[in-house]
Amino acid sequence: MKRTCLIALTFLLSACGSSALSPHSLSPLERLSGGQVVGDASSLYWGNLRQSKPESLAERVWMGDYGEYLTDYRWHDGQLRELKRAGTALKDDKLQPFELHVRYDQHGDAVFQRYKVGDTVFPLSDTQLHQLSQQADMAVALLREQSREGLQLVQGVWDGQRLISCGEQTELEIHWQQIHAQPGYIALIGKSDGRGKITAQQLVLNRTQEQQCLTPPRLLDVS
């Protein structure tokens, strides 16, 4: 009888432990990277998806004379819940530092917002809040499309003949398609053949001065 009860108790504990781990938490994390150039704006993206739903996105954006910024986005169950952005923006004919922090509820309504330019705090309109969530959706959509096409972000130092990649410090052969890069740091969107050859589709950044490899910004607290 004691043995039967022990077996039953062990089974119940096992069942409870198994139910505590949801399939969502056990599913693999899909890590994507990409970027684009639109007009004077150059953007780099790093995204994490699970079960095809976005969990986080980090971006770095340069807007020429209009400034630059970093953004960190977080989703919950496919719904954008929080974003934080910091950088510089052109206001009153000069570049000024700004900070932006927004939290959304499960319905997509902003329940907290803070937008500070220089020393002044400004309110965000409903249109601006909607545009922020649209920007996040568009960036995730771009990453998905580039991933389907086998494209990814590649960073490294280009000497005119070869590319030494960031991180692994491996030598990569680049096949340029009507793209020209000056020796120095480059970030490009390309497709790898898995054997050390990259076909470049778009050059996002090309800097001749010394430049460290770029990493995803982290502006939000990790829970």
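Predicted model, so just to flag it, every value in this text is computed and none were measured. (Residues numbered from 1 in each chain as written. Predicted model: local features only at pLDDT ≥ 70, side-chain atom pairs only at ≥ 80, totals over all residues. Heavy atoms only, no water.)

Visitor: Go over the pattern of salt bridges with me, naming the residues and quoting the values.
Guide: Evaluated as defined, the whole model comprises 8 salt bridges. A salt bridge links D72 to R74, with the shortest nitrogen-to-oxygen separation between them at 2.6 Å. Comparing D72 with R74, the two get one shared label, buried. A salt bridge links E82 to R103, with the nearest nitrogen and oxygen atoms 3.3 Å apart. Note that E82 is positioned in strand β5 (residues 79-91) and R103 in strand β6 (residues 94-104), a separation of 21 residues in sequence. Its relative accessible area of 36% is what places R103 among the partly exposed residues. Salt bridges sharing common partners tie together D159, R162 and E171. (Salt bridge = Lys/Arg side-chain N within 4 Å of Asp/Glu carboxyl O. Buried < 20%, exposed > 50% of the residue type's maximum accessible area, 1.4 Å probe, protein only. Helix = DSSP H or I, 4+ residues; strand = E, 2+ residues; numbered from the N terminus.)

Visitor: How would you sum up the nonpolar core? Please name residues and give values.
Guide: Grouped together as the largest cluster of nonpolar side chains are 24 residues, with contacts concentrated most on L57, L83, L100 and V102. Contacts of L83, omitting those with residues within four sequence positions, involve D72, Y73, L100, H101, V102, Y104, L132 and L220. (Core = buried A, V, L, I, M, F, W, Y, C linked by side-chain atoms within 4.5 Å. Contact = heavy atoms within 4.5 Å.)

Visitor: Please set out the layout of surface pockets residue by residue, giving values where relevant.
Guide: By volume, the largest pocket amounts to about 720 Å³. Lining the largest pocket are 27 residues, and of these M63, Y69, R85, L132 and Q135 lie nearest its centre. Secondary-structure elements contributing two or more residues to the lining of the largest pocket are β1 (29-38), β2 (41-50), β3 (53-62), β5, β6, β7 (110-117) and α3 (126-148). Partitioning the lining of the largest pocket into residue classes produces 19 nonpolar, 5 polar and 3 charged. (1 Å grid on protein atoms, 1.4 Å probe; cavity = no way out; pocket = protein on both sides within 12 Å on 5 of 7 lines; lining within 4 Å. Points joined across faces, edges and corners; volume = space filled by probe spheres on them. Nonpolar A, V, L, I, M, F, W, Y, C, P; charged D, E, K, R; others polar.)

What is shown is where atoms sit, not what they do.
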